[in-house]
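# Fold and geometry: a report
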Amino acid sequence: MAGLFETINIVSIILFVVGMALITVELFIPGIGIFGGFGLIALILAIVFQAQTFLQGLILFLIIAVIIAVLVLVVSRSFRKGRLFKSSLVLKNKAAKEEGYVSNDDNTSLVGKSGVALSILRPAGRANIDGVISDVVTGGEFIERGEKIIVIESVGRRILVKKEGA
């Protein structure tokens, strides 16, 4: 252990600092993992350049893992209780069902009902079906505005229609 820190390589220090900075950036600005990946690579290279034996490399790895774990705990606690939660980084508004928001309308009751195309359906548009204005799609055909339509299928929010009589 004494030989591990006796000859500290400047490249190892730079790689360690850059690696920790990149991992910190990944924690605050989550993306697809580019910053975290490069940070991890920099930390591994710091270990490779500094350690002279496998045991020293393992010790350095454990030290860095503890430092990263503490950093993650501090950041996660800050998100839940600290300034970060009060900032604009965390969305606090909810689209609650009690306030009229619905994530997935059940339109199965519209199957078989007739309506009128309110816009040209090529193949998507709007239609008035039984007094309800809805976004609809056709099976690929174009339907002119004002033509009568019938609902043939409804899956989630997708309402499939065809020209009535076709």
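Residues numbered from 1 in each chain as written. Predicted model: local features only at pLDDT ≥ 70, side-chain atom pairs only at ≥ 80, totals over all residues. Heavy atoms only, no water.

### Some remarks on the nonpolar core
Nonpolar side chains tend toward joint burial in soluble globular proteins. Defined as follows: Residues belong to one nonpolar core when they are buried, are Ala, Val, Leu, Ile, Met, Phe, Trp, Tyr or Cys, and are joined through side-chain atoms within 4.5 Å. Under the scheme applied here, a residue whose accessible area is under 20% of the maximum for its type counts as buried, over 50% as exposed, and between as partly exposed, the area being computed with a 1.4 Å probe on protein chains only. Secondary structure counts use DSSP, requiring at least four H or I residues in a row for a helix and at least two E residues in a row for a strand, with both numbered from the N terminus.
By size, the foremost hydrophobic cluster in this structure holds 11 residues: Leu110, Ala117, Leu121, Ala127, Ile129, Val136, Ile143, Ile149, Val151, Ile159 and Val161. Looking at this core, the elements that each hand over two or more residues are strand 2 (124–129), strand 4 (148–155) and strand 5 (158–163). One finds Ile23, Leu43, Ala51 and Ile68 within the second-largest nonpolar core, a separate group that totals eight residues.

### Regarding the environment of Gly57
Definition in use: Only heavy atoms matter for contacts: two residues are in contact if any of them lie within 4.5 Å across the pair.
Mapped onto the fold, Gly57 is located in helix 4 (residues 54–81). Along the backbone, Gly57 and Ile44 are 13 residues apart, and their C-alpha atoms lie at a distance of 9.3 Å. Those residues in contact with Gly57, other than ones at most four positions away along the chain, are Ile47 and Ala51.

### Details of helix 2 (residues 10–28)
Our working definition: Here, expected helix span is obtained from the residue count minus one, scaled by 1.5 Å. Note that the arc is defined by the directions from the helix axis to the C-beta atoms.
Between its first and last C-alpha, helix 2 extends 27 Å over 19 residues, near the 27 Å set by a 1.5 Å rise per residue. Considered for burial, the residues of helix 2 that qualify are Ser12, Leu15, Gly19, Met20, Ile23 and Glu26. Along the long axis of helix 2, the arc covered by the buried residues comes to 130 degrees, so they all point the same way.

### Focus on helix 3 (residues 34–50)
In this model helix 3 runs 24 Å from its N-terminal to its C-terminal C-alpha over 17 residues, within 8% of the 24 Å that 1.5 Å per residue would give. Within helix 3 the residues assigned to the buried category are Gly36, Gly39, Ala42, Leu43, Ala46, Ile47 and Gln50. For helix 3, the arc enclosing every buried residue in end-on projection is 140 degrees, short of the 170-degree limit, so these residues lie on one face. Opposite the buried face of helix 3, at more than 90 degrees from it, the exposed residues are Phe38 and Val48.

### What about unusual backbone geometry?
Of the consecutive residues Arg122 and Pro123, the connecting peptide bond is found in the cis state with omega at -20 degrees. Mapped onto the fold, Pro123 is located in the loop between strand 1 (114–117) and strand 2.

### Points about the sheet that holds strand 3 (residues 132–138)
In plain terms, the rule: Pairing between strands is defined by DSSP: at least two bridges between the two strands are required. Axis lines are fitted through C-alpha atoms, for helices just across the contact stretch, and the angle between N-to-C directions can take any value from 0 to 180 degrees.
Strand order in this closed barrel of five strands is 1-2-3-5-4, and the pairing throughout is mixed. When strand polarity is set aside, the average angle formed by the axes of neighbouring strands in this sheet is 55 degrees. When strand 3 meets strand 5, the two strands line up parallel, connected through two bridges. Bridge pairing in strand 5 links Val137 to Leu160.

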